[in-house]
Amino acid sequence: MSTQFRVLTAEQMQKVDAETIANVVPGIELMERAGRGVAEIIRGRFAAGHAAIFIGPGNNGGDGFVVARHLVAAGWTCSLHLIKPGSQSTPDAAANYERLSGLPRVQKRDATGESVQDATVVIDAIFGTGFTGAPRGTAAHMIALINQTRAARGIPVVSIDIPSGVNGTTGAVDGDAVRADMTLTIGAAKTGLLFHPGRSHVGRLDIIDIGFPPEIVEKHSERVFYLDARAAASKLPPRAPDIHKYRAGGALVIAGSDAYRGAPLLTGEGALRSGCGMLYLAVPESLRAEIPAGLEEAIVTALPQTRDGTIAKNARDLLATAGGKATAVAIGPGLGRNDETDAFVRDFVVNCKTPIVVDADGLTAFAGHAAEFKKAKAAVVITPHDGELARLTGDSIPTTPLERMAYSAAAAKKLGVILVHKGAPALIAGPNGEVWVNGSGTSALSKGGTGDVLTGFIVSFLAQAAAAGRPASGAALDAACVACYLHGRAGEIEALERGERGVLASDLFASVGRAMVELESVQK
């Protein structure tokens, strides 16, 4: 597993840094690599102009000095806004400050509104990931000035390693913090960048590899990984140019009830839009006539139903043939609550011989029966939010980032499932202790029906992976990761058009194609 996908706390990153410096690479060389990497990305994203660089007295400030030197060499002008004289910085930072002496196009300026008027980009190198608490004094003034400049003039802000003022481990913001348009973090993603409120200050997150030895990174980190576009693209199921609809995977979706008639359509279209070749919908008989008008591509089977309009227990017999050539199954969206239906769900999931995703009312059927998951004959993916997970495990669900990641890993192992723990961010955990933190998402997804769409994405990628012959053990986790990233990214794209309040679950279908194109271009 690439160390670039690893997620570390600030404390773990400090240990990696210290051991690398002590045994492998001098600190000043790591600083050079970090600053050069930041400068290269800035040069690639912005036309040459003027960079206003706000610099603290630590090694994060030293990165800023290196950035200034490389930008000047590329034809930029730079202004340095220092908390303390450069000579009073940490030794490596002070050495890089001295290397700027006498260079043209570098000025030292006070931190005032007038001093940044000519800036085309603002660079935040005030505090690194080791910062805790609330900024004070000159640092607080600088952070306020950066944010005011960005808001008033639209000047883009780039933070080095972390937006100053954000806690690198918890994501807490105890005072003011820089609101960056882009954060270029060094070596690996930090937990504080991925969890709110810190996450809302990050903007676009890129990781700069400066050559930390993989064995040192692994020694000081947990099995926690960052699910960005590169990671998601690497997990896409293979798709041969000459496949036909059956080789593209078939999804069987068991969903719906009289009370929740739209759920099968949302889940089914989600499955088709994300790439499976065939869709089989199994719904209560009262819904049978409605499906063709809403989703013409589906092959529909009517199931016997209870008096409550939910699926009856004897539906299992029909489902033996309803799935056709399905290579994965989804069960749960819109099923409603009924004891007979719950019994049917548990029996079906345990005896299903193809990978299966269990969502919504399907999860509620296992409340008090969660041990049944370990009896399943195939890989099981479950997609609970906090309330559903609490009903399955009987636990109070933690809210802090580190506890939440550890709990997700433990719950996946305890239940013997792939766990998609919904939230901001979503966590995808396997029974082997591996946890992926989703890097996409938006509050626009806080809308009824978006979970049904996600289930459709997951079953689609499960079906595609199974049809391609991928081993079930890794394919289920990969499918859940790709689906979660795609779902979050489609939400982000749609929110740009409709705002975070105006997105409906069905609107995601307009953007999933663009999100998929992005992923496939990364894969190539």
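Residues numbered from 1 in each chain as written. Predicted model: local features only at pLDDT ≥ 70, side-chain atom pairs only at ≥ 80, totals over all residues. Heavy atoms only, no water.

**Some words on the nonpolar core**
One recurring pattern in soluble globular proteins is that nonpolar side chains are buried together.
Argument step 1. In terms of nonpolar packing, the biggest core is built from 60 residues, with Val381, Ile428 and Trp436 touching the most fellow members.
Argument step 2. No other element matches the 13 residues that helix α17 (residues 472-498) contributes to this core.
Argument step 3. If near-sequence neighbours (up to four positions away) are discounted, Val381 is found in contact with Ile356, Val357, Val358, Ile418, Val420, Ile458, Leu462, Ala476 and Ala480.
Argument step 4. In this structure, Val202, Leu252, Ala326 and Leu363 belong to the second largest nonpolar core, which totals 57 residues. (Core = buried A, V, L, I, M, F, W, Y, C linked by side-chain atoms within 4.5 Å. Buried < 20%, exposed > 50% of the residue type's maximum accessible area, 1.4 Å probe, protein only. Helix = DSSP H or I, 4+ residues; strand = E, 2+ residues; numbered from the N terminus. Contact = heavy atoms within 4.5 Å.)

**Considerations on the pattern of salt bridges**
Argument step 1. Counting across every chain of the model gives 26 salt bridges.
Argument step 2. What you see here is one network of salt bridges that share partners, running through Arg489, Glu492, Arg514 and Glu518. (Salt bridge = Lys/Arg side-chain N within 4 Å of Asp/Glu carboxyl O.)

**A closer look at the side chain of Ser460**
Argument step 1. Counting through the fold element by element, Ser460 comes out in helix α16 (residues 450-467).
Argument step 2. In this structure Ser460 comes out as buried when scored by relative accessible area, which is 0%.
Argument step 3. Sequence-distant contacts of Ser460, that is, excluding residues within four places in its chain, are made with Ala271, Ser274, Gly275 and Cys276.

**Points about the sheet that holds strand β2 (residues 50-55)**
Argument step 1. The strand order across the open sheet formed by 7 strands is β4-β3-β2-β5-β6-β7-β9, and the pairing between neighbours is parallel. Whereas interior strands pair on both sides, the edge strands pair on one side only; in this sheet they are β4 (106-108) and β9 (204-208). Strand after strand, the sheet turns through a mean of 20 degrees between neighbouring axes, direction not considered.
Argument step 2. Pairing of strand β5 (residues 121-125) with strand β6 (residues 157-160), which is carried by 3 bridges, proceeds in the parallel orientation. Of the residues in β6, the one forming a bridge with Asp124 is Ser159. (Pairing = 2+ DSSP bridges. Axes fitted to C-alpha atoms, helices over the stretch in contact; angles between N-to-C directions.)

**Comments concerning the state of the cysteines**
Argument step 1. Enumeration over the complete set of coordinates arrives at 0 disulfides.
Argument step 2. Cysteine Cys276 remains unbridged, with the sulfur of Cys352 as its closest cysteine sulfur at 15 Å.
Argument step 3. Cys276 gets classed as buried once you look at its relative accessible area, which sits at 6%.
Argument step 4. Cys484 supplies the cysteine sulfur nearest to Cys481, a cysteine that is in no disulfide, at a spacing of 7.0 Å.
Argument step 5. On the basis of relative accessible area, Cys481 is assigned to the buried category, the value being 0%. (Disulfide = S-S within 2.5 Å.)

**A closer look at unusual backbone geometry**
Argument step 1. Note the cis peptide between His196 and Pro197, where omega equals 5 degrees.
Argument step 2. Position of Pro197 relative to the elements: it lies in the loop between α6 (191-194) and β9.
Argument step 3. A cis amide bond links Ala424 with the next residue in sequence, Pro425, at an omega value of 10 degrees.
Argument step 4. In this structure, Pro425 sits in the loop between β17 (418-421) and β18 (427-429).
Argument step 5. The backbone phi angle of Arg105 is positive, close to 65 degrees, even though this residue is not glycine.
Argument step 6. Examined against the element boundaries, Arg105 turns out to sit in the loop between α4 (91-98) and β4.

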